[in-house]
Each structure stands twice: as C-alpha cells, then as structure tokens.
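One letter stands for each residue in the lines below.
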Amino acid sequence: MPLRDYAPGGAAGLSAGTDFDRGAAYLILFGEDDEPAAWLRGGEALSALLLTATAEGLASAPLSDAVELAWPRRMMRDLLAGIGSPYLIVRVGWGPEAELPPAPRRAPGDVIEVVD
C-alpha cells in the first residue's frame, strides 16, 4: 500500500507490490455513529489499540488518507456492510529490528499546572 509523503514535492513513501508490507495487517477503526461523542470513544479505542500493539512488540501507524475524502470513506463504509462508520485505518505489523533511540520527554512541571 503506497503511503503519502509529506515532504514538499514528495511522492508515495512506499512502492506498492508483493514484496512490501509483508506481515502487516490493516485494521479499520469504526463506530456505530458519525458524531463527536462517538469520535471520542473511537479515540479511546485507538489509544488502547496503539498501547496494546506497542506492548506486544508491534509497530503501528494510523493512516487517515482513506477516510479524509468522501469516496474512499464511502468505500470503507461499504466494506463494513452497514455496521458502522469508519474513523481511521491503522497499519499494524513488525517494525524494524534496529533499536530505536528513546524519545525526549519534557518534565511534568513544564506541562502540568496545579490549580487550587
């Protein structure tokens, strides 16, 4: 599955073909309704999915391309056979075997304000 490249003038980040994305699964995150409260529950489900995938040693990548435009969104809804509205596609699979460097974190005091 080719992915969009966000670099100026960029093309698809991956070539499509049988040698790419081996072992990856594409999941459709969906809910019963297409309204803000349902989107919030969808976000909670996405959080649980991403944390579980990470805990199991899997790589994950949310892909919003397929639900941003009306025609692919309708296609996703048709794939769901009337059981819900698509919110997001998530690619889950085995990540690179190389050890990734830790991501820098800000100190809690820099982002949390306690108000009495």
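This text follows the structure it describes.
Thresholds applied
- Residues numbered from 1 in each chain as written.
- Predicted model: local features only at pLDDT ≥ 70, side-chain atom pairs only at ≥ 80, totals over all residues.
- Heavy atoms only, no water.
- Patch = residues over 30% accessible without salt bridge, like charges linked within 9 Å, V, L, I, M, F, W, Y side chains within 5 Å.
- Areas by Shrake-Rupley, 256 points an atom, 1.4 Å probe, with all protein chains shown as cover.
- Salt bridge = Lys/Arg side-chain N within 4 Å of Asp/Glu carboxyl O.
- Helix = DSSP H or I, 4+ residues; strand = E, 2+ residues; numbered from the N terminus.
- Buried < 20%, exposed > 50% of the residue type's maximum accessible area, 1.4 Å probe, protein only.

(A) Structural context of a nonpolar patch on the surface. Together, Leu-69, Trp-71, Met-75 and Leu-79 make up a nonpolar patch on the protein surface, roughly 470 Å² of accessible area in all. Within the secondary structure layout, Leu-79 lies in helix α3 (residues 70-79). Taking relative accessible area as the criterion, Leu-79 reaches 59% and is therefore assigned exposed.

(B) Region of interest: the pattern of salt bridges. This model, assessed by the stated rule, comprises two salt bridges. Among the ionic pairs, Asp-34 bridges to Arg-77, the shortest N-O distance being 4.0 Å. Here Asp-34, found in the loop between β1 (25-31) and α1 (36-55), pairs with Arg-77, found in helix α3; they are 43 residues apart in sequence, far enough to count as distant. Given a relative accessible area of 30%, Arg-77 falls into the partly exposed group. Through salt bridges with shared partners, a single network forms among Asp-34, Arg-73 and Arg-77.

(C) Seen up close, unusual backbone geometry. Notably, Ala-81 is not glycine yet its phi reads approximately 50°, a positive angle. Owing to a relative accessible area of 64%, Ala-81 belongs among the exposed residues under this scheme.

By themselves these figures say nothing about function.
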